[in-house]
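The primary structure of each chain is shown beneath.
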Amino acid sequence: MPQHHTATGTFSYVDSKSAFPAFPKVGLGSAVAIGIGAGFIGAFAMVGTNWIEQMITHRPASYVPARTIGNHFGVTPQFYERNVDLLNNIHHHGMGMIAGAVRGVFSYYGVIGPFASFVHTGIRIALDQVMENTAGTSALPWTWPINEQVIDTLHKGAYALITGYLCDYWIRGVNWFN
């Protein structure tokens, strides 16, 4: 909201860009379902940003997500070796859909915009870390090399921005760029 500063204090006023619908366009169940779908799309975009980044930096692919889902589901080493890319994508999209449901609830309750997506980035990283650490496949993120922290945060941030925009648009009718 724009603010106006005077000698007696500061006050905020609503303008056409800061006003958003007081009530969501859909019910809570639909918001969760929309969040799941938006999370899938966001995960697809995250995988795409990862692919582009690896083409530029020549960083090798990480198979921690595949190892994580493999450990949780108890897959055999033979299945893992034959299907490592499939397992990686199942993990990325599954976690994206779970975190997307959370972002759908955010939008339903009016927690919207880029700041909500910033918070959602942390939630997405935290969900991954819970899964990876319970599977015994990863270390805590603050023990990673700084370049890996940056890369993971940027990819999860891209996921959160896309998922957040879609949730806010489909659930609240808010277009960030109008």
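So, a few notes on the structure that sits alongside this text. (Residues numbered from 1 in each chain as written. Predicted model: local features only at pLDDT ≥ 70, side-chain atom pairs only at ≥ 80, totals over all residues. Heavy atoms only, no water.)

Side note on the pattern of salt bridges
For the structure on display, the rule yields five salt bridges. Across the salt bridge formed by Asp-152 and Lys-156, the nearest N and O atoms sit 2.6 Å from each other. A residue pair is termed a helical-turn pair when its members lie 3 or 4 positions apart in one helix, as Asp-152 and Lys-156 do in helix α6 (residues 146-172) at four residues. Given a relative accessible area of 5%, Lys-156 falls into the buried group. Connected through salt bridges with shared partners, the residues Arg-124, Asp-128, Asp-152 and Lys-156 form a single ionic network. (Salt bridge = Lys/Arg side-chain N within 4 Å of Asp/Glu carboxyl O. Helix = DSSP H or I, 4+ residues; strand = E, 2+ residues; numbered from the N terminus. Buried < 20%, exposed > 50% of the residue type's maximum accessible area, 1.4 Å probe, protein only.)

Comments concerning helix α5 (residues 113-135)
Spanning 23 residues, α5 covers 33 Å between terminal C-alpha atoms, matching the ideal 33 Å at 1.5 Å per step. For α5, every residue scored as buried is listed here: Gly-113, Ala-116, Ser-117, His-120, Thr-121, Arg-124, Ile-125, Asp-128, Gln-129, Glu-132 and Ala-135. On its buried side, α5 packs onto α1 (28-57), α2 (64-73), α4 (84-108) and α6. Positive backbone phi, approximately 75°, marks Gly-136, located one or two places after α5. (Expected span 1.5 Å × (residues − 1). Contact = heavy atoms within 4.5 Å.)

Some points on the pairing of strand β2 (residues 9-12)
Pairing of strand β1 (residues 3-6) with β2, which is carried by four bridges, proceeds in the antiparallel orientation. Bridged to His-5 within β2 is Thr-10. (Pairing = 2+ DSSP bridges.)

Some words on the packing of α4 against α5
The N-to-C vectors of α4 and α5 enclose an angle of 140°; their axes lie 10 Å apart at closest approach. Looking at the two axes, α4 sits oblique to α5. Taken as a pair, α4 and α5 cross one another with a handedness that is right-handed. For the pair formed by α4 and α5, the contact residues are His-91, His-92, Met-95, Gly-96, Ile-98, Ala-99, Gly-100, Val-102, Arg-103 and Phe-106 on the first element and Gly-113, Ala-116, Ser-117, Val-119, His-120, Ile-123, Arg-124, Leu-127, Asp-128, Met-131 and Glu-132 on the second. In terms of residue class, the contact of α4 with α5 is made up of 10 nonpolar, seven polar and four charged. (Axes fitted to C-alpha atoms, helices over the stretch in contact; angles between N-to-C directions. Parallel < 35°, antiparallel > 145°, perpendicular 65-115°, else oblique. Left-handed = near helix turned anticlockwise from the far one by under 90°. Nonpolar A, V, L, I, M, F, W, Y, C, P; charged D, E, K, R; others polar.)

Comments concerning unusual backbone geometry
The phi dihedral of His-58 is positive, around 65°, even though this residue is not glycine. Residue placement: His-58 occurs in the loop between α1 and α2. Relative accessible area serves as the criterion here: at 66%, His-58 is assigned to the exposed category.

Side note on the packing of α2 against α4
At their nearest, the axes of α2 and α4 sit 7 Å apart, and the two run at 85° to each other. Looking at the two axes, α2 sits roughly perpendicular to α4. Contacts between α2 and α4 involve Pro-65, Ala-66, Thr-68 and Ile-69 from the former and Val-84, Leu-87, Asn-88, Ile-90, His-91 and His-92 from the latter. When grouped by side-chain class, the residues that make up the contact of α2 with α4 number six nonpolar, four polar and no charged.

Quick word on the environment of Asn-71
With respect to the helices, strands and loops of the structure, Asn-71 is situated in helix α2. With a relative accessible area of 41%, Asn-71 lands in the partly exposed category. As for Asn-71 and Ile-52, which are separated by 19 residues in sequence, their C-alpha atoms are 28 Å apart. When residues no more than four places from it in sequence are discounted, the contact partners of Asn-71 are Ala-135 and Thr-137.

Observations concerning a nonpolar patch on the surface
A cluster of nonpolar side chains, contributed by Ile-36, Phe-40, Ile-41, Met-97, Leu-161, Ile-162, Tyr-169 and Trp-170, occupies part of the molecular surface with about 640 Å² of accessible area. Of all the secondary-structure elements, those providing two or more residues to the nonpolar patch are α1 and α6. The biggest single contributor to the nonpolar patch is α6, with four residues. With respect to the helices and strands, the residue Met-97 is situated in helix α4. Judged by its relative accessible area of 31%, Met-97 is partly exposed. (Patch = residues over 30% accessible without salt bridge, like charges linked within 9 Å, V, L, I, M, F, W, Y side chains within 5 Å. Areas by Shrake-Rupley, 256 points an atom, 1.4 Å probe, with all protein chains shown as cover.)

So, to be careful, I would describe these as geometric facts and stop short of saying anything about function.
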